[in-house]
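Residue strings, one per chain:
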Amino acid sequence: KLEKKFSDVIEVTAICENGEQAFAAVILHKPDLLFLDIGMPGTSGLEMLQVLRNANVQSKVIITTSHKETEHFRKAMHLSVVDYLLKPIMQEELETAVEKVMERMQKEQSNSDIEQLRNVFVKSIQYEFSCAVGKLFLKEEQIVYIKAEKNYSRIFMNNGASEMITESMKLLEDKLN
């Protein structure tokens, strides 16, 4: 039923019987969404999720379980699961959980797009500084660090050079974000 409702966004890539199979499938398929049961044979769903998080696997996870213990819920939330569904699971609950995953993924994609645009914009900005020889024009990525020297500042650049400029550190903080 879930595949029918979300046929345009969900494709089942593996159904596993235990944690070891699930771990191998996650490494192979790199899914966006995992459904894990806490009570899997061998490695539990929470143990597997801890291993995945330690390996920096960022798949979204929905826990489906009959375990009502607070400690399981807390550990699952600590491991950044999207939802924790208690069995028997109603179709509406499952659909709502998948919609949460989709919303998070859209938000993350939007944030990633904004960050990429920001990086392109920031890298293209050229700053103007007054110095003893006139004007110095630098892009942000050319600046390694800036050191205050009394009422002036010294800019150290990625080409190994440095230049004394006539602006104070306070003015530079405002200018350079």
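Note: the structure precedes this text.
Let us look at the structure shown here. For clarity, every value in this text was computed on a predicted model and none was experimentally measured.

## Looking at the overall build of the protein
And then number 1: When helices and strands are counted, the protein shows six helices and eight strands.
And then number 2: Going from the N terminus to the C terminus, the protein shows its helices and strands as α-α-β-α-β-α-β-α-β-β-β-β-β-α.
And then number 3: For a compact globule of 177 residues, the expected C-alpha radius of gyration is about 16 Å, and the protein comes in at 25 Å, more than 25% above that figure.
And then number 4: Overall size of the protein, expressed as C-alpha extent along the three principal axes, is 75 × 30 × 30 Å.
And then number 5: Counting all 177 residues of the protein, 32% fall into the buried class.
And then number 6: A sequence separation of at least 24 residues applies to 41% of the contacts in the protein between residues at least 6 apart.
And then number 7: Of the accessible surface of the protein, which amounts to about 11900 Å², a share of 52% is contributed by carbon and sulfur atoms.
And then number 8: Once the 22 positive and 27 negative side-chain charges of the protein are each reduced to a mean point, those two points are 5 Å apart.

## Thoughts on the nonpolar core
And then number 1: Residues Leu-36, Met-48, Val-61 and Ile-63 are the most contacted members of the largest nonpolar core, which totals 17 residues.
And then number 2: Broken down by secondary-structure element, the contributors of at least two residues to this core are helix H2 (19-29), strand S1 (33-36), helix H3 (45-54) and strand S2 (60-65).
And then number 3: If we ignore the near neighbours within four places in the chain, the residues touching Leu-36 are Gly-45, Met-48, Leu-49, Val-61, Ile-62, Ile-63 and Thr-64.
And then number 4: Grouped together as the second largest cluster of nonpolar side chains are 11 residues, Leu-138, Ile-155, Met-157 and Ile-165 included.

## Quick look at the sheet that holds S2
And then number 1: Read across the open sheet, the three strands follow the order S1-S2-S3; overall the sheet is parallel. Each having just a single partner strand, S1 and strand S3 (83-86) make up the two edges of the open sheet. With strand direction ignored, the average angle separating the axes of adjacent strands in the sheet is 20°.
And then number 2: Pairing between S1 and S2: four bridges, direction parallel. When the sheet's bridge partners are listed, Phe-35 is paired in S2 with Ile-62.

## Topic: unusual backbone geometry
And then number 1: Put simply, Lys-87 and Pro-88 share a cis peptide bond, and its omega is -5°.
And then number 2: Its location among the elements puts Pro-88 in the loop between S3 and helix H5 (91-124).
And then number 3: Non-glycine residue Lys-30 carries a positive phi angle of around 50°.
And then number 4: Tracing the chain through its elements places Lys-30 in the loop between H2 and S1.
And then number 5: A residue is classified by how much of its surface remains accessible, and Lys-30, at 62% relative accessible area, is exposed.
And then number 6: Not every positive phi belongs to a glycine, and Lys-150 is a case in point at roughly 55°.
And then number 7: Turning to its location among the elements, Lys-150 is positioned in the loop between strand S6 (143-149) and strand S7 (152-157).

What counts and how
- Residues numbered from 1 in each chain as written.
- Predicted model: local features only at pLDDT ≥ 70, side-chain atom pairs only at ≥ 80, totals over all residues.
- Heavy atoms only, no water.
- Helix = DSSP H or I, 4+ residues; strand = E, 2+ residues; numbered from the N terminus.
- Rg over C-alpha atoms; globule rule 2.2 N^0.38 Å.
- Buried < 20%, exposed > 50% of the residue type's maximum accessible area, 1.4 Å probe, protein only.
- Contact = heavy atoms within 4.5 Å.
- Areas by Shrake-Rupley, 256 points an atom, 1.4 Å probe, with all protein chains shown as cover.
- Lys, Arg positive; Asp, Glu negative; His and termini not counted.
- Charge placed at Lys NZ, Arg CZ, Asp CG, Glu CD.
- Core = buried A, V, L, I, M, F, W, Y, C linked by side-chain atoms within 4.5 Å.
- Pairing = 2+ DSSP bridges.
- Axes fitted to C-alpha atoms, helices over the stretch in contact; angles between N-to-C directions.

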